[in-house]
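Examination of the molecular architecture
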Amino acid sequence: MLHLREVLALQEGEQITRILRRSLWTAVPGLALAGLFIALPFFFLFPLARMGFVGAVLICSGLALGIYLALKYVLLWDANVFVLTDRRFVVVMQSGLWNRHVIEAPLSGSQAAVRKRSLFERLFRIGDVAVSGEGLSGPVTVSGLPRPDAAVRMLHGLRDAQNAGFKVRGVT
């Protein structure tokens, strides 16, 4: 699981305002595939058992592959986050076990917009948000966020509150 406090390295007095993970609907196809690999050996249990050692290897390999895929999709879902603090936003994108990109920018001067959404994304209220800020070479796309309109409003609200000099209360 992702140890968020270690990845963020919060500054003195900085508080986390909101943590947004990708929608669980984005992991459903991968979890369905994992479930298929876990369940499939049981449908062919007796024919595979009659095959002896080869059948046992096929049963074990199907189960192992299913468990591996399920763990992979759950851990990658947990590790990809969009974090809003009272001073900055942080995007953590993890695409493999050892491949993690952490992008951060201050709230002042930050912009966010919802990318064009498909019918499927509108039905399940998920979408992509493009965020940009000071020090970033271009916009960064955070994909699969639940209620992306609310995430954009929250980022703009935090930015406006910080620019006006208001103290934002975090949720730690």
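Residues numbered from 1 in each chain as written. Predicted model: local features only at pLDDT ≥ 70, side-chain atom pairs only at ≥ 80, totals over all residues. Heavy atoms only, no water.

Moving on, we come to the sheet that holds strand 4 (residues 100-106). Across the sheet, which stays open at both edges, the 4 strands sit in the order 1-2-3-4 with antiparallel pairing between neighbours. The sheet terminates laterally at strand 1 (16-21) and strand 4, the two strands that pair on one side only. Sheet twist, expressed as the mean angle between neighbouring strand axes with direction ignored, is 15°. Summarising the sheet, strand 2 (residues 81-85) and strand 3 (residues 88-94) pair through 4 bridges and their orientation is antiparallel. Across the sheet, the residue bridging to leucine 84 is phenylalanine 89, located in strand 3. (Pairing = 2+ DSSP bridges. Helix = DSSP H or I, 4+ residues; strand = E, 2+ residues; numbered from the N terminus. Axes fitted to C-alpha atoms, helices over the stretch in contact; angles between N-to-C directions.)

With that settled, consider unusual backbone geometry. With phi around 55°, arginine 125 is a residue other than glycine that occupies positive phi space. Relative to the helices and strands, arginine 125 is located in the loop between helix 5 (119-123) and strand 6 (126-132).

Turning our eyes to something else, we now look at the confidence of the model for the protein chain. The pLDDT averaged across the protein chain works out to 87; a share of 96% of its residues lies at or above 70. Across the protein chain, the secondary-structure element scoring lowest on mean pLDDT is helix 1 (residues 4-8), at 75, and the one scoring highest is helix 2 (residues 28-43), at 94. (pLDDT = per-residue confidence, 0-100.)

Turning to the packing of aromatic side chains, a few remarks are in order. Summed over the entire model, instances satisfying the criterion amount to 3 aromatic pairs. When the ring of phenylalanine 82 is compared with that of phenylalanine 89, the centres are 6.2 Å apart and the planes differ by 55°; the resulting orientation is tilted. Comparing phenylalanine 82 with phenylalanine 89 shows no difference in burial state: the two are buried. Taking the centre distance of 4.7 Å and the plane angle of 55° together, the rings of phenylalanine 120 and phenylalanine 124 count as tilted. For phenylalanine 120, a relative accessible area of 44% translates into the label partly exposed. The ring centre of tyrosine 73 lies 5.6 Å from the NZ or CZ of lysine 72, which sits over that ring. (Phe/Tyr/Trp six-rings, centres within 6.5 Å; stacked < 30°, edge-to-face > 60°. Buried < 20%, exposed > 50% of the residue type's maximum accessible area, 1.4 Å probe, protein only. Lys NZ or Arg CZ within 6 Å of the ring centre and 35° of its normal.)

Next up on the list: the nonpolar core. In this structure, Phe82, Phe89, Val91, Val131, Leu145 and Leu155 are the most contacted members of the largest nonpolar core, which totals 18 residues. Elements represented by at least two residues in this core include exactly strand 2, strand 3, strand 4, strand 6, strand 7 (140-146) and helix 6 (148-164). With 4 residues, the single largest contributor to this core is helix 6. Counting residues in hydrophobic clusters, the runner-up holds 8 residues, among them Leu4, Leu8, Val81 and Val90. (Core = buried A, V, L, I, M, F, W, Y, C linked by side-chain atoms within 4.5 Å.)

Our focus in this paragraph is the pattern of salt bridges. A full pass over the atoms with the stated rule returns 4 salt bridges. A salt bridge links arginine 21 to aspartate 78; the nearest nitrogen and oxygen atoms lie 3.4 Å apart. With arginine 21 in strand 1 and aspartate 78 in helix 4 (residues 53-79), this pair connects stretches of sequence that are 57 residues apart. Among the salt bridges present, the one from arginine 159 reaches aspartate 160, with a minimum N-O distance of 3.2 Å. (Salt bridge = Lys/Arg side-chain N within 4 Å of Asp/Glu carboxyl O.)

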